[in-house]
Amino acid sequence: MAAPAGMKETTGKRGREWPVSVAVYGVLFLFGAVQGLIGSFQYSRAAGPVPVAALSCCAVIVATCVLAAWVTRSVSGAVLPGMGWVLASFVMSMPVTNGSVIITSTTAGKWYLYGGTLSVAAAVVASFAGLARWSRRAGGS
């Protein structure tokens, strides 16, 4: 069976590496989705008028995406937890049939959704820049 595009297929002592890669990226996606679910219920905590929890969630998803890109040495490492976060958060912001909604249109809700989305985009851009730097340090491999 051939390896998916962009993943190494090796034969020999170590066997095939692509199943491990698929598992790692799947875990990263789920980790981002779990962060989105937790943040969807906690975003409204504030210290006065400052939506502290929403801003903290933005910082955490940036850190997750950048660290995942660094560990996997690929931009996909940043994209997948970001995709999981965006998917979970925006699904939780949609109203259900009885009219209730988890993420409301408040200042904290807007900071959480839009700030978090911009945070994911910034982390992906940062991972592109970091990937070039990491590749140069590793000898271009």
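What counts as what
Here the residue index of a chain counts from 1 through its sequence in written order. Reporting in this predicted model follows two pLDDT cut-offs: at least 70 for local features of residues, and 80 or more for side-chain atom pairs to be given and counted; totals over whole chains, interfaces and linings ignore these cut-offs and use all residues. Derived side-chain values reflect all non-hydrogen atoms in the structure, with water molecules and hydrogen atoms excluded from consideration. Helix and strand definitions follow DSSP, with helices as H or I runs of at least four residues and strands as E runs of at least two, each counted in order from the N terminus. Think of it in three bands: with a 1.4 Å probe and only protein chains considered, a residue is buried below 20% of the maximum accessible area for its type, exposed above 50%, and partly exposed in between. In what follows, a contact means two residues having at least one pair of non-hydrogen atoms within 4.5 Å. Per-residue accessibility takes into account occlusion by the displayed protein chains alone, with areas from the Shrake-Rupley method and a 1.4 Å probe. Here pLDDT means the predictor's own confidence in every residue, given as a number from 0 to 100. Each aromatic pair joins two rings of Phe, Tyr and Trp (for Trp, the six-membered one) with centres within 6.5 Å, and gets the label stacked for planes under 30 degrees apart, edge-to-face for over 60, and tilted for any other angle. Residues qualify for a patch when their relative accessible area is over 30% and they have no salt bridge, like charges being joined within 9 Å and the nonpolar side chains of Val, Leu, Ile, Met, Phe, Trp and Tyr within 5 Å. What counts as a salt bridge is simple: a side-chain nitrogen of Lys or Arg found within 4 Å of a carboxyl oxygen of Asp or Glu. Under this scheme, a helix contributes an axis fitted over its contacting stretch, all axes are lines through C-alpha atoms, and angles between N-to-C directions fall in the 0 to 180 degree range. Helix crossings fall into two classes, left-handed where the near helix is turned counterclockwise from the far one by less than a right angle and right-handed where it is turned clockwise. By the convention adopted, Pro, Cys, Tyr, Trp, Phe, Met, Ile, Leu, Val and Ala count as nonpolar, Lys, Arg, Asp and Glu as charged, and the other residues, Gly among them, as polar. Take the buried Ala, Val, Leu, Ile, Met, Phe, Trp, Tyr and Cys residues and link them wherever side-chain atoms come within 4.5 Å; each set so joined is a nonpolar core. Given a helix with a known number of residues, its expected span is that number minus one, times 1.5 Å. This arc is built from the directions going out from the helix axis to the C-beta atoms.

Novice: Please clarify how the overall build of the protein should be interpreted in this entry.
Specialist: Looking only at helices and strands, the protein features four helices and zero strands. In the protein, the order of α-helices and β-strands from amino to carboxyl end is α-α-α-α. Within the span of the protein, comprising 141 residues, buried residues form 35% of the whole. At a minimum sequence separation of 6, the contacts of the protein that also span at least 24 residues come to 65%. Surface summary for the protein: the accessible area is close to 8,500 Å², and the carbon and sulfur share equals 69%.

Novice: Would you mind going over the confidence of the model for the protein with me for this structure?
Specialist: For the protein, the mean per-residue pLDDT works out to 86, and 83% of the residues sit at or above 70. Between the elements of the protein, mean pLDDT differs from a low of 87, seen in helix 4 (residues 107-137), to a high of 95, seen in helix 3 (residues 76-93).

Novice: Is there a simple way to think about the packing of aromatic side chains in this case?
Specialist: Pairs of aromatic rings are described using the distance from one ring centre to the other and the angle between the two planes. Taken as a whole and assessed by the stated rule, the structure comprises two aromatic pairs. Put simply, the rings of Tyr43, Trp85 and Tyr112 touch in pairs and so form one group of aromatic residues.

Novice: I tried to follow a nonpolar patch on the surface on my own but got confused; where do I start?
Specialist: On the surface, Val50, Val52, Leu55 and Trp111 cluster together to form a nonpolar patch covering roughly 330 Å² of accessible area. By secondary structure assignment, the location of Trp111 is in helix 4. Using a relative accessible area of 44% as the deciding quantity, one classes Trp111 as partly exposed.

Novice: In this structure, what is going on with the packing of helix 2 (residues 52-72) against helix 3? I would like to understand it.
Specialist: When two helices pack together, their arrangement is given by the angle between the helix axes and by the axis-to-axis distance. The geometry of helix 2 relative to helix 3 is characterised by a closest axis approach of 6 Å and an angle of 145° between their N-to-C directions. Crossing geometry of helix 2 relative to helix 3 is assigned as right-handed. For the pair helix 2 and helix 3, the contacting residues are Ile61, Thr64, Cys65, Ala68, Ala69 and Thr72 in the first and Gly77, Ala78, Pro81, Gly82 and Trp85 in the second. In terms of residue class, the contact of helix 2 with helix 3 is made up of seven nonpolar, four polar and no charged.

Novice: It is not clear to me how the nonpolar core should be interpreted in this structure. Could you clarify?
Specialist: The nonpolar side chains of a soluble globular protein tend to be buried with one another. Counting 17 residues, the largest nonpolar core has Tyr43, Ile61, Cys65, Ala78, Trp85, Ile103 and Tyr112 as the members making the most contacts within it. Listed by contribution, the elements that provide at least two residues to this core are helix 2, helix 3 and helix 4. Per-element tally for this core: the top contributor is helix 4, with six residues. In contact with Tyr43, not counting residues within four places along its chain, are Ala53, Ala54, Ile102, Ile103, Thr104, Thr106, Ala108, Gly109 and Tyr112.

Novice: What should I look at first to understand the side chain of Ser119 in this one?
Specialist: Turning to its location among the elements, Ser119 is positioned in helix 4. Among the residues examined, Ser119 registers a relative accessible area of 12% and is labelled buried. With residues up to four places along the chain from it excluded, the contact list for Ser119 reads Cys58, Ile61 and Val62.

Novice: Hey, could you run me through helix 2 in this one?
Specialist: Think of an α-helix as 3.6 residues a turn; residues three or four steps apart then line up on the same face. The end-to-end C-alpha distance of helix 2, which contains 21 residues, comes to 30 Å, matching closely the 30 Å that a straight helix rising 1.5 Å per residue would cover. Along helix 2, the positions that sit buried rather than exposed are Ala53, Ala54, Cys57, Cys58, Ile61, Thr64, Cys65, Ala68, Ala69 and Thr72. Buried residues along helix 2 cover an arc of 150° about the axis, so they all sit on one side. Residues of helix 2 that are exposed and point over 90 degrees away from its buried face: Leu67 and Val71.

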